Amino acid sequence: PEQAALVLNASRRFRYTLDLKKEEEKEIIRRTIRSHAQVIRAVFLFKEAGENDPREAYTGIKFTTASRGFPIEMEKLKTLNRDHDSVLLQEIRGVKGLSDLLKSNLDRGINPTEDELLQRRDVFGANTYPRKKRKSILRFVFDACKDLTLIILMVAAAISLTLGMATEGVKEGWYEGGSIFLAVFLVILVTATSDYRQSLQFQHLNEEKQNIQVEVLRGGKRFRTSIFDLVVGDVVPLNIGDQVPADGILISGHSLAIDESSMTGESKTVHKDQKAPFLMSGCKVADGYGSMLVTGVGINTEWGQLMANLSEDNGEETPLQVRLNGVATFIGMVGLSVAGVVLGVLAIRYFTGHTKNPDGTVQFRAGTTGLKQGFMGAIRILTIAVTIVVVAVPEGLPLAVTLTLAYSMRKMMLDKALVRRLSSCETMGSATTICSDKTGTLTLNKMTVVEAHFIGTRLDPCDDVRAISSSSAALLIEGIAQNTTGTVFLPEDGGAADVTGSPTEKAILSWGLKIGMDFNDVRSKSSVLHVFPFNSEKKRGGVAVQVSDTGVHIHWKGAAELVLSSCKSWLSLDGSVQPMGAQKRNEYKKSIEDMAKSSLRCVAFAYCQCDIEKIPKEDIADWKLPEEDLTLLGIVGIKDPCRPGVRSAVQLCKNAGVKVRMVTGDNIETAKAIALECGILDANGVISEPFVIEGKAFREMSEIARGEIADKITVMGRSSPNDKLLLVQALKRKGHVVAVTGDGTNDAPALHEADIGLAMGMSGTEVAKESSDIIILDDDFTSVVKVVRWGRSVYANIQKFIQFQLTVNVAALVINVIAAVSSGDVPLNAVELLWVNLIMDTLGALALATEPPTDNLMKRQPVGRREPLVTNIMWRNLFVQAIYQIAILLIFNFSGKKILRLQNESPDNAEKMKNTFIFNTFVFCQIFNEFNARKPEERNVFKGVTKNHLFMGIVCVTTVFQILIVEFLGKFFKIVRLNWSLWLVSVAIGVVSYFT
């Protein structure tokens, strides 16, 4: 590590690496905030206990000092949130009384006008927290100045500047030292600007990650909004997998369990009810559903204080960066060794009188040469050696990774993919298989009921219930309205009903409206006693509703064949209950199978009656709803069309060597039908086990058996989240790089286990998103394929830059070493090498690391985990290019005066013209080498080059600056102007390098 620090600028190369010390500091801050919060709570309790008026202390109502019309003081609200004071809550008449004080309505929420929201933000604060001030560009300049090699160069430049002005006068003596200072300053400025721009991009991506979309009830209508837009008084529905977006009080809930580990450190979930109604911001809903009244936002919550004290620096180092850091350090060591040899050779030659001026005179004679002149010569030698180190150290390698990742992440946002972990950008390019959900990813997630089977027959059309008795229809409508997490909003102006909820819930509720359901009226006629939320393991959800003093109905809804298996009877045409015989069961099974083959999702409704005496009076939350001996009410078939473009995206994956597998909770026949439609299954291929398998069959196999068939599985139906996890583990053991899509809370283990976890941005829960590496913002499979394309682009761009930079490294080192050893001088001086370093490091990285992905990337096979970064083709290109440049430039270094016909020039001018020509030719070789590096495996490297405006801009800027340097900045670079013929030869040699 110490040796590496000598060569490399750690602050530049590792600016996005994991800092264990910083992680430990974050955890200490978290613990401190938690302990401080407990102390503050205790202090406030003691303070309030000593107040004279207990009633005022607990009601919180001071109309004389009320906050702009809200009859509750901000401090009292803070006390309620901080202390979780149940006594105080009861004194203000519970959550209903609190909502009145906050001028909110538990059923309709707050008024959604802009003025109302602004007033609440002004009084109670916004749901944001102060962010730490980001590093200014001056801080990045300071970090860039820490580079040890640049510091040595600046010291050498300062000595050179002082001695030059002392010996040659101010007018002429400042050029050599001043030019090095200017070159170093330019390198620092470009480096700092590049780093600053990257930090802004990563900060923007961090903000996007925190901008969670939440559901809120305002004016009686549910809609989605940013978590930052929530205000005190809002009513927020909570579902499994959601993040609690602010501090609040539970209004109502069923089986609601909260994971508070992020705030308390305790891993067990906490059940919330009217006895324990306090909800803390930042926690996750582990089970159940409910609604809450927001009572604290932003910095007024413990979560807000925690986030305000944590740094948002990206503390991650990607696998590719790790590999390149090792490569860069190794090359840096080689460069340091070569520089040491050059320093030793030049010093020995200089002080022994073997280094001569262009006119043949010896530069140093012992006892004759003055101290200042000798010292200047030594400084010049040191400067050359240090500059060789600057050129040799490929700092651009890690920089190129960061640049291409930042560029790719920004572009992936436009392609509807939000990167949460940098490493996933690289890993996605190596993906060999994608395990995709069906609903919403391969399909549109726009569901409608298109077929219905009730009273033992098919309804035609599906919403024609005239043949059903009124009692049977009422029972079905009761089950639809009560056994749902969705809502129906009827506008006061009599417009169309607004249905909210999951796509399946919306489809069923919309169908319920068509068959005559009055949602609010039905819900008001019965009361919910207990809820069993939909479970992806059991694939059903139930509710117990009290319909009379003694009567209770248990309604179930879920996967048709599973609900059917629990039914012992069915509802007939006249409303009577008939036993479920084998013939009737087979009829229903046939209906389910036919609907599934038509790619319909089949959902069944069933119920049973229960005496109220059988329901526990206490601990009803632990009561298990009866789920056997049910009466089947009916079955609906829901259509969810395939997304346009999915079939071509699946074919693109196949061509790219990436196998797409469908893993769905739907019926196996529905899964097969959709898989055929999407092109995942081939109609001419085998459509049976093990290629198509049910989750239950897979999970019951031994680990060895699962491993043997995992490669063959193309479609898995009726799978649970655990089946998905088992499939991922089996595929990884077979050597696959696995990408997995998921949206539910129970998908989190599979998303975490996979090499790349892809969470759905629209339908995904916050738990799933936090376990993922990339969030697909539009839930579209075609966006997943775009992520694969970008992942391959990251890897390809790094390879392009490696080829370019190593060619420059090898050529510059060999030319200078051979010249130094043979003649005691180098053709490329310190300032010229700094300019070359700028071209190949920062500008080269910018040009090549920002190449957009091409269609050819998806015609290759995935890159293996352990495949070398530098391929055989790259080695060939690198060595051919380097040998060509070395040979040409060394020939001109030793025989340039003769070849270029400079014999008639004075020795000093001829030497300068020759070195200027070598410098100019070397730069143009690198410019054309950049074109070569764009497409290492293709002959036509100019294809599509005009579409990359940044690449063209950098090439043009480099060319223009090179012309300006040679023609107008000769004194700074110790070069002279070239005539047009020498310019043509320089460019021609550069052009020839393109054909090598």
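As a starting point, this report considers the structure included with it. Nothing here was measured: the structure is a model prediction, and the numbers come from that model. (Residues numbered from 1 in each chain as written. Predicted model: local features only at pLDDT ≥ 70, side-chain atom pairs only at ≥ 80, totals over all residues. Heavy atoms only, no water.)

## Remarks on the packing of helix H24 (residues 646–655) against helix H25 (residues 668–678)
Two measures define how a pair of helices packs: the angle their axes make with one another and the distance between the axes.
Working step 1: Contact geometry for H24 and H25: axes closest at 8 Å, N-to-C directions at 75 degrees. Classified by the angle between their axes, H24 and H25 sit roughly perpendicular to one another. For the pair H24 and H25, the contacting residues are Val646, Arg647 and Val650 in the first and Leu676, Glu677 and Cys678 in the second.
Working step 2: A breakdown of the residues in the contact of H24 with H25 according to their chemical character gives 4 nonpolar, no polar and 2 charged. (Axes fitted to C-alpha atoms, helices over the stretch in contact; angles between N-to-C directions. Helix = DSSP H or I, 4+ residues; strand = E, 2+ residues; numbered from the N terminus. Parallel < 35°, antiparallel > 145°, perpendicular 65-115°, else oblique. Contact = heavy atoms within 4.5 Å. Nonpolar A, V, L, I, M, F, W, Y, C, P; charged D, E, K, R; others polar.)

## Quick look at empty space enclosed by the protein
Working step 1: Taken as a whole and judged by the stated rule, the model has 7 cavities of 30 Å³ or more.
Working step 2: As a volume, the second largest cavity reaches approximately 50 Å³.
Working step 3: Lining the second largest cavity are Phe454, Ile455, Ile468, Ser472, Leu476, Leu571 and Leu633.
Working step 4: Taken together, the residues of the lining of the second largest cavity break down into 6 nonpolar, 1 polar and no charged. (1 Å grid on protein atoms, 1.4 Å probe; cavity = no way out; pocket = protein on both sides within 12 Å on 5 of 7 lines; lining within 4 Å. Points joined across faces, edges and corners; volume = space filled by probe spheres on them.)

## So, the sheet that holds strand E23 (residues 715–717)
Working step 1: Strands sit in the order E8-E26-E25-E24-E9-E21-E23-E22 across an open sheet of 8 strands; the sheet is mixed. The open sheet has two edge strands, strand E8 (417–419) and strand E22 (692–694), and neither has a second partner. Along the sheet, successive strands turn relative to each other by an average axial angle of 20 degrees, direction set aside.
Working step 2: Each of strand E21 (659–663), E22 and E23 touches H25; the most contacted strand, E22, lies at about 150 degrees to it. (Pairing = 2+ DSSP bridges.)

## What about unusual backbone geometry?
Working step 1: The omega angle of the peptide bond from Asp460 to Pro461 is 0 degrees, so this bond is cis rather than trans.
Working step 2: Tracing the sequence through the fold places Pro461 in the loop between strand E11 (457–459) and helix H19 (470–482).
Working step 3: Within the chain, Ser255 stands out as a residue other than glycine whose phi angle is a positive 55 degrees.
Working step 4: Following the sequence through the fold, Ser255 ends up in strand E4 (residues 247–259).

## Structural notes on the nonpolar core
Working step 1: Ile680, Ile774, Phe781, Ile802, Phe919 and Phe922 are the most contacted members of the largest nonpolar core, which totals 150 residues.
Working step 2: With near-sequence residues (within four places) excluded, Ile680 lies in contact with Leu442, Val650, Lys654, Val660, Met662, Ala675, Thr714 and Val715.
Working step 3: One finds Leu80, Val123, Ile258 and Met280 within the second-largest nonpolar core, a separate group that totals 43 residues. (Core = buried A, V, L, I, M, F, W, Y, C linked by side-chain atoms within 4.5 Å. Buried < 20%, exposed > 50% of the residue type's maximum accessible area, 1.4 Å probe, protein only.)

## Considerations on the packing of aromatic side chains
Working step 1: Considering all chains together, one arrives at 14 aromatic pairs under this definition.
Working step 2: A centroid spacing of 5.6 Å and a plane angle of 55 degrees characterise the contact between Phe532 and Trp556, whose relative ring orientation is tilted. Note that Phe532 is positioned in strand E14 (residues 527–535) and Trp556 in strand E16 (residues 551–559), a separation of 24 residues in sequence.
Working step 3: With relative accessibility at 26%, the residue Phe532 sits in the partly exposed group.
Working step 4: Where Phe931 meets Phe951, the ring centres are 5.3 Å apart and the plane angle is 80 degrees; that geometry is what we call edge-to-face. Here the residue Phe931 occupies a position in helix H34 (residues 907–934), and Phe951 occupies one in helix H35 (residues 949–968), the gap between them amounting to 20 residues. For the pair Phe931 and Phe951, one class covers both residues: buried.
Working step 5: Taken together, the ring pairs in this structure connect Phe928, Phe931 and Phe951 into an aromatic cluster.
Working step 6: The ring centre of Trp570 lies 4.4 Å from the NZ or CZ of Lys584, which sits over that ring.
Working step 7: Above the face of the Phe951 ring, Arg934 is positioned so that its terminal group lies 5.6 Å from the ring centre. (Phe/Tyr/Trp six-rings, centres within 6.5 Å; stacked < 30°, edge-to-face > 60°. Lys NZ or Arg CZ within 6 Å of the ring centre and 35° of its normal.)

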